[in-house]
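Examining the three-dimensional arrangement
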Amino acid sequence: MPKAFPVPCPSSFPASSPASFPEPLSDGYLSVGDGHRLYFAEYGCGDGPAAVVLHGGPGSSCHAGMLDWFDLSRQRVVLFDQRGAGRSLPAALLTHNRTSDLIGDIERLREHLQITRWMVVGGSWGAALGVLYAGRHPARLSALLLRGVFLTSPREMTWFFQSLQALAPEAWAELTSGWRRAQKDNVLQFLTALLQNGTVEQQRDAATQWRRYENAVMQAMTGAPASPGSVEADPAAVAKYMVQSHYLSQGCFTSERELFRAARNAATVPAILIHGTGDWICPPENAWRLRRFMPQAELRWIDGGTHTPADTAIKAALTQAIRDLG
């Protein structure tokens, strides 16, 4: 397993990454116990200030676009896929896969890479995870940057799977087409049952339905045209939604109260919260509510900004915030 090693900052390194991942400084798998192995990779400047990115989902993975937020000519950026997600192994392993496990994994990775302190950058589910990690290990953070705050509450689960039909009626109608009334009244629970206990075909169909719903909501929110190509779920998508249903159906194994307590514990960590006023996925009130427990944090509203970091305004805000914190 490769160890961390310092790589001097190159005299000329592109300030933004291409569409695909550039060559990493180092990468590999970190065994974290219970049969889980995390994929990680380091980019940029090996002896520069370090940052780690916590991806969303749960069950998603890191992507090359995350590197665009950083100045790779001077910063050391760590990307990794959480338990059961992305390139981490085994895919969709749900045993010993809870929020407390992920918090421990972040700290194990920091120690493995011999990083004293790092900036933690998290979006959506990654924002919730970032707050919890900061509350547990505040001395290990140089700064905290949160985008599209998610608080893991029953209120938010109801909003996304039930109430959002008011803004995206066609998407919700397609998602629940042919379902019985009880199933329509409990969308997350029904999808979870299919993904956790269904046949291979039922799992694939549930993942496809969930993916189509997400895509349709994102298109309605951003005004973007429909993406070309098939949205049929492949094995990677099935694994993603298996992990996501595992977490969301259990309130992400945490609570708003625990998040707010962690935010208070991280009161010494410089922090910026970024939230779009047009975010349909994580309601803007989330950022305002969390900010009440983080007196040191600056809340930056992005007028008309949505949930995706691909949003031009959100991406620019992330880049500026990292520059301001780093």
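Residues numbered from 1 in each chain as written. Predicted model: local features only at pLDDT ≥ 70, side-chain atom pairs only at ≥ 80, totals over all residues. Heavy atoms only, no water.

1. Examining helix H3 (residues 154-161)
Among the residues making up H3, those that are buried are Glu 156, Met 157, Phe 160 and Phe 161. Projected down its long axis, H3 shows its buried positions confined to an angular sector of 115°, all on one face. Where H3 is buried, its residues touch helix H4 (169-175), helix H6 (187-197), helix H7 (200-222), helix H8 (235-248) and helix H10 (285-291). (Buried < 20%, exposed > 50% of the residue type's maximum accessible area, 1.4 Å probe, protein only. Helix = DSSP H or I, 4+ residues; strand = E, 2+ residues; numbered from the N terminus. Arc of directions from axis to C-beta. Contact = heavy atoms within 4.5 Å.)

2. Let's talk about the packing of aromatic side chains
What the rule picks out here adds up to 11 aromatic pairs. Aromatic pair Tyr 29 and Tyr 39: ring centres 5.5 Å apart, planes at 65°, arrangement edge-to-face. Taken together, the positions of Tyr 29 in strand S1 (residues 26-33) and Tyr 39 in strand S2 (residues 36-44) put the pair 10 residues apart, joining distant regions of the chain. The exposure class of Tyr 39 is buried, given its relative accessible area of 9%. Ring centres 5.4 Å apart and planes at 80° place the aromatic pair Phe 161 and Trp 210 in the edge-to-face group. Of this pair, Phe 161 sits in helix H3 while Trp 210 is found in helix H7, placing the two residues 49 residues apart along the sequence. An aromatic cluster is built from Phe 160, Phe 161, Trp 210, Tyr 213 and Tyr 241, whose rings are joined through pairwise contacts. Between Arg 37 and the ring centre of Tyr 29, over which it is positioned, the NZ or CZ distance is 4.8 Å. (Phe/Tyr/Trp six-rings, centres within 6.5 Å; stacked < 30°, edge-to-face > 60°. Lys NZ or Arg CZ within 6 Å of the ring centre and 35° of its normal.)

3. A few points about unusual backbone geometry
Of note, the bond from Gly 57 into Pro 58 is cis; its omega dihedral lies within 30 degrees of zero at -5°. Relative to the helices and strands, Pro 58 is located in the loop between strand S3 (50-54) and strand S4 (76-80). Following Leu 89, the chain continues into Pro 90 via a peptide bond in cis, with omega recorded as -10°. Tracing the sequence through the fold places Pro 90 in the loop between S4 and helix H1 (99-112). One non-glycine residue, Cys 252, adopts positive backbone phi at about 60°. Note that Cys 252 resides in the loop between H8 and helix H9 (256-265).

4. Observations concerning the sheet that holds S3
Read from one edge to the other, the open sheet built from 8 strands follows the order S1-S2-S4-S3-S5-S6-S7-S8, with strand pairing classed as mixed. Bordering the open sheet on either side are S1 and strand S8 (297-302), each of which pairs with just one other strand. In this sheet, adjacent strand axes meet at a mean angle of 20° when their direction is disregarded. Bridge analysis of strand S6 (residues 141-147) against strand S7 (residues 271-276) gives 4 bridges, and the strand direction is parallel. For Leu 146, the partnering residue across the bridge sits in S7 and is Leu 273. Its contacts with the sheet place helix H2 (residues 125-136) against S3, strand S5 (118-123) and S6, and it is angled at close to 145° to S5. (Pairing = 2+ DSSP bridges. Axes fitted to C-alpha atoms, helices over the stretch in contact; angles between N-to-C directions.)

5. Topic: the nonpolar core
Counting residues in hydrophobic clusters, the biggest one holds 79 residues, and the most contacted among them are Trp 118, Leu 144, Trp 210 and Leu 290. Among all residues touching Leu 144, those that are not within four sequence positions of it are Val 120, Gly 130, Ala 134, Val 269, Pro 270, Ala 271, Ile 272, Met 294 and Leu 325. Within the second largest apolar cluster, 25 residues are counted, among which are Ala 41, Leu 79, Leu 318 and Ala 321. (Core = buried A, V, L, I, M, F, W, Y, C linked by side-chain atoms within 4.5 Å.)

6. Topic: the confidence of the model for the protein chain
Close inspection of predicted coordinates is inappropriate in any region flagged by low pLDDT. For the protein chain, per-residue confidence averages 93 on the pLDDT scale, and 93% of positions sit at 70 or higher. Per-residue pLDDT stays below 50 along residues 1-18; that stretch engages in 41 contacts with residues further than four places along the chain or on separate chains. (pLDDT = per-residue confidence, 0-100.)

7. With respect to the pattern of salt bridges
Evaluation of the coordinates by the stated rule reveals 18 salt bridges. A salt bridge links Arg 155 to Glu 285; the nearest nitrogen and oxygen atoms lie 3.4 Å apart. In this pair, Arg 155 is assigned in helix H3 and Glu 285 in helix H10, connecting sequence segments 130 residues apart. On the basis of relative accessibility, which here comes to 29%, the residue Arg 155 falls in the partly exposed class. When the shortest N-O distance is used, the salt bridge between Glu 298 and Arg 300 registers 3.1 Å. One continuous salt-bridge network, built from bridges that share partners, spans Asp 34, Arg 83, Asp 105 and Arg 108. (Salt bridge = Lys/Arg side-chain N within 4 Å of Asp/Glu carboxyl O.)

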